[in-house]
Amino acid sequence: MASPHMLLLCLLVLAVTEGWGRQVAIPGCHLHPFNVTVRSDRQGTCQGSHVAQACVGHCESSAFPSRYSVLVASGYRHNVTSVSQCCTISGLKKVKVQLQCGGDRREELEIFTARACQCDMCRLSRY
């Protein structure tokens, strides 16, 4: 029979190596790259691609029973108070995308990409 120390070591090695195959989710709100295809018009006369940045992640939220004073002030309709934040873009930057047109013709177009992210007040329409 294997010693308890050996069993613990085997379980630890198994737990560490098991996680290597999966991408670990990063907590918080952070930049995340994604591919964008840009077209100059609906027909796609000129087009190009670029890696832009988005903000993804999780921010803190909570809900708790409202205080008595809030209940009274709301006519007993506001019985839960919630506080939440959303992962939002806190800074933008313009980047230039090279568009390939027919033949040797090229055009350049500017698009926005996220420069920085933060947890902030949730809004339906921010931009």
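Per an unreviewed UniProt entry, the recorded name for the protein is Glycoprotein hormone alpha-2, and the organism is Lynx pardinus. One UniProt comment on the protein, placed under Sequence similarities (unreviewed entry), says "Belongs to the glycoprotein hormones subunit alpha family." A UniProt comment under Subunit (unreviewed entry) is attached to the protein, and it reads "Heterodimer with GPHB5; this heterodimer interacts with thyroid-stimulating hormone receptor (TSHR), and hence stimulates cAMP production."

Enquirer: Just to check I follow, could you spell out the state of the cysteines for this structure?
Expert: Two cysteines form a disulfide when their sulfur atoms are joined by a covalent bond. Going through the model one piece at a time under the given rule, you end up with 5 disulfides. One disulfide bridge connects C55 with C117, the sulfur atoms lying 2.0 Å from each other. One quick way to see it: the torsion about the S-S bond of C55 and C117 is about -85 degrees, and its sign makes the bridge left-handed. Pair noted here: C55 is in strand β2 (residues 47-57) and C117 is in strand β5 (residues 106-121), with a separation of 62 residues, a long-range link. Each member of the pair, C55 as well as C117, carries the same accessibility label: buried. In this model, C86 is linked to C122 through a disulfide, with the two sulfur atoms separated by 1.9 Å. Residues C86 and C122 are joined through a disulfide that is right-handed, its torsion about the S-S bond being 100 degrees. Taken together, the positions of C86 in strand β4 (residues 80-100) and C122 in the segment after β5 put the pair 36 residues apart, joining distant regions of the chain. The class for C122 is partly exposed, based on a relative accessible area of 31%. Of note for the protein: the bonded cysteines, numbered N- to C-terminal, pair according to 1-6, 2-7, 3-8, 4-9, 5-10.

Enquirer: Would you explain a nonpolar patch on the surface in this entry?
Expert: Taken together, Y68, V72 and Y76 make up a surface patch of nonpolar side chains, about 360 Å² in accessible area. Relative to the helices and strands, Y68 resides in helix α2 (residues 68-73).

Enquirer: Would you explain the pattern of salt bridges in this entry?
Expert: Where charged atoms from two side chains of opposite charge approach closely, those side chains can pair. Applying the stated criterion across every chain yields a total of 4 salt bridges. One salt bridge in this structure joins E107 and R105, with 2.5 Å as the shortest N-O distance. Given the relative accessible area of 31%, E107 is considered partly exposed. Residue R105 is classed as partly exposed on the basis of its relative accessible area of 44%. The residue D120 makes a salt bridge to R123 at a minimum N-O spacing of 3.8 Å. What makes R123 partly exposed here is its relative accessible area of 42%.

Analysis parameters
- Per chain, the residues get numbers from 1 upward, laid out in the order the sequence is written.
- Under the rules for a predicted model, residues below a pLDDT of 70 receive no local features and side-chain atom pairs below 80 are neither given nor counted, while totals for whole chains, interfaces and linings still include all residues.
- Only heavy atoms go into the side-chain values, all of them from the structure, while hydrogens and water stay out.
- UniProt positions are given in the numbering used here, feature names are shortened, and annotations may be inferred rather than shown by experiment.
- In this description, the term disulfide denotes a pair of cysteine sulfurs within 2.5 Å.
- Where helices and strands are cited, they refer to DSSP runs of H or I of at least four residues and of E of at least two residues respectively, numbered from the N terminus.
- The buried label goes to any residue with under 20% of its type's maximum accessible area, the exposed label to any with over 50%, and the partly exposed label to all in between, with areas taken from a 1.4 Å probe on protein chains only.
- Patch rule: a residue counts if its relative accessible area is over 30% and it has no salt bridge; like charges are joined within 9 Å, and nonpolar side chains (Val, Leu, Ile, Met, Phe, Trp, Tyr) within 5 Å.
- The accessible surface values rely on the Shrake-Rupley method and a 1.4 Å probe; as for residues, cover is taken only from the protein chains in view.
- By definition here, a salt bridge exists when the distance from a side-chain nitrogen of Lys or Arg to a carboxyl oxygen of Asp or Glu is within 4 Å.

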